[in-house]
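Here are the chains, one letter per residue:
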Amino acid sequence: MNLKNEKNFIFLSVGIILIFLLSMGYFFQTEISSLRRANKQETSVKRLRFAGVGDNLIHDSIYNAADRRKGLFGDGQYDFDHLYENIKPELDQYDLKYINQESIIAGDKFGIGTYPHFNTPQAMIPALTRAGFNMINMANNHSLDKGSWAIPESIKLWDQTDVYHTGVFASQEDRDKPVIIDKNGIKVGFLCYTYGTNGIAPDTDYRVSYLNEEKIRKDVANIKDKVDFILVSCHWGEEGIQALDNTQKKYSKLLNDLGVDVVIGTHAHKIQTVKWLENKDNKRTLVYYGTGNFVHNMLTPITYLEGMATFDFVKAGDKKYIDRPRFIPLVFHLEKNQYGLDGSVYRMDKYPIDLANRHIEMYGNGAYHLENYRNIVKSIIPQEFLENK
């Protein structure tokens, strides 16, 4: 090879090497940029996990057993923690944990009461907070069981905790101020309504939040621009009926039309269906029409089949949506023991058969009733909302 050709070869080789190095640099730079974008997108996704259960309706058999569990019977001390200890590990997986406190907690000074005019011992409040509940619906048909004057006293008790509570109010100012939950970078508006209060009229228009189209429209308009999502609790439906009534159909459609994201229903004492509703603007609303009971002592086995609504509020850049909606079947176990009628809430798929056989409403036929529960769930809850599809 002569000198000229050798120089050309060297220049060509150097050029090829430079092109290769530049190409590799561009490739790695592109990959790094892609990884950075992916990481940025991943870190920009915000998620807020929600779990909601039904009616915490504390009959005298429940609080008498809690009384016997702690101190001397009648001494005003209660141990309610065991009622929730078996469902607490499940609740601990979620950020927001909702419950309908069906029986008012007005304060022990009003006298403890059971059906038809409830007043649950105030020791229930720390038991619920220890279980993890941090969203409390107070608007239901037992809100006025101790009269309108008991509402401000109940609110004072809840105000001593860090939980979000709404549905009844001490003043018009409180009624007009929406509850906004700001957690994990997501803001959720929390509204609660009830169909009625067992014929007991409140002393003022603002005392209890009733299902009323004009007021709901005003409440949603007042909160809509302040939050990322709106969750509405509705105490509605017919007691003991799994089919939806006209009130449920009317107000679920209204809430969907108004752009509400999720509705949690209570009151029927039986589980009811779950649906996605979609309005003319293609806005979807997730509606859990009825989660059933939670802790109670009602008649018939079917009232002990319950549900927990779970889903995620998600913000991903400009997108906001509800993710992974599920309905998790529960059972409230209640048996007769040394304390009286005593029990605890379980996931149905983790409820031991030996306990089922001791349940006061299953009469030794636990396997039969659990199979019946599973069939009811399959017939009422669409498969897309069940874990075992």
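Check the entry above for the structure.
Residues numbered from 1 in each chain as written. Predicted model: local features only at pLDDT ≥ 70, side-chain atom pairs only at ≥ 80, totals over all residues. Heavy atoms only, no water.

**Comments concerning the packing of helix H7 (residues 213-223) against helix H8 (residues 246-257)**
At a minimum axis distance of 11 Å, the contact between H7 and H8 shows a crossing angle of 25°. The angle between H7 and H8 falls in the class roughly parallel. In terms of crossing hand, the pair formed by H7 and H8 is right-handed. For the pair H7 and H8, the contacting residues are Glu213, Ile216 and Arg217 in the first and Lys250, Tyr251, Leu254 and Leu255 in the second. (Axes fitted to C-alpha atoms, helices over the stretch in contact; angles between N-to-C directions. Helix = DSSP H or I, 4+ residues; strand = E, 2+ residues; numbered from the N terminus. Parallel < 35°, antiparallel > 145°, perpendicular 65-115°, else oblique. Left-handed = near helix turned anticlockwise from the far one by under 90°. Contact = heavy atoms within 4.5 Å.)

**Things to note about the sheet that holds strand E10 (residues 284-288)**
Across a sheet, paired strands are connected by hydrogen bonds in the backbone, their directions being either parallel or antiparallel. Judged by pairing direction, the sheet is mixed, and its six strands sit side by side in the order E5-E6-E7-E8-E10-E9 without closing on themselves. Single-partner strands in this sheet number two, and they are strand E5 (179-183) and strand E9 (274-278). Pairwise comparison of adjacent strand axes, ignoring direction, gives a mean angle of 20° for this sheet. Note: E9 against E10, five bridges, orientation antiparallel. Each bridged residue has a counterpart across the sheet, and for Leu277 the counterpart in E10 is Thr285. Lying on the sheet, H7 is in contact with E5, strand E6 (186-194) and strand E7 (229-235); it crosses E6 at an angle near 170°. (Pairing = 2+ DSSP bridges.)

**Considerations on the packing of aromatic side chains**
For the structure on display, the rule yields 15 aromatic pairs. Ring centres of Phe133 and Phe294 lie 5.8 Å apart, and the angle between their planes is 85°; on these two criteria the pair is classed as edge-to-face. Taken together, the positions of Phe133 in the loop between helix H4 (124-131) and strand E3 (135-137) and Phe294 in strand E11 (residues 293-295) put the pair 161 residues apart, joining distant regions of the chain. Geometrically, the ring pair formed by Phe311 and Phe313 is edge-to-face, given 5.0 Å between the ring centres and 85° between the ring planes. Across the pair, exposure class does not vary: Phe311 and Phe313 are buried alike. Taken together, Phe50, Tyr98, Phe190, Phe229, Tyr288, Phe311 and Phe313 form an aromatic cluster joined through their ring pairs. One cation-aromatic arrangement involves Arg68 over Phe73; the distance from NZ or CZ to the ring centre is 4.4 Å. In this structure, Arg284 is placed above the aromatic ring of Trp276, and the distance from its NZ or CZ to the ring centre is 4.1 Å. (Phe/Tyr/Trp six-rings, centres within 6.5 Å; stacked < 30°, edge-to-face > 60°. Buried < 20%, exposed > 50% of the residue type's maximum accessible area, 1.4 Å probe, protein only. Lys NZ or Arg CZ within 6 Å of the ring centre and 35° of its normal.)

**Structural notes on the environment of Arg207**
Within the secondary structure, Arg207 sits in the loop between E6 and H7. Ignoring any residue separated from it by four or fewer positions in sequence, one finds Arg207 in contact with Leu144, Ser148, Ile151, Pro152, Gly167, Val168, Phe169, Ala170, Ser171 and Pro202. A distance of 3.0 Å separates polar atoms of two side chains, one belonging to Arg207 and the other to Asp203. (Polar contact = N/O pair within 3.5 Å; in protein donor to acceptor, adjacent residues only side chain to side chain.)

**Some thoughts on helix H2 (residues 60-69)**
Among all positions of H2, only Ser61, Ile62, Tyr63, Ala65, Ala66 and Asp67 are buried. Elements that come into contact with the buried residues of H2 comprise E11, strand E13 (319-337) and strand E14 (340-347). Taken from the residues just after H2, Gly71 is the one with a positive phi, measuring 65°.

**Description of unusual backbone geometry**
Cis geometry is found at the peptide bond from Tyr115 to Pro116, where omega equals 5°. On the secondary structure map, Pro116 appears in the loop between strand E2 (96-100) and H4. Positive phi, close to 120°, is recorded for His267, a residue that is not glycine. If you trace the backbone, His267 turns up in the loop between strand E8 (262-266) and E9. One non-glycine residue, Arg324, lies in positive phi territory at about 55°. Tracing the sequence through the fold places Arg324 in strand E13.

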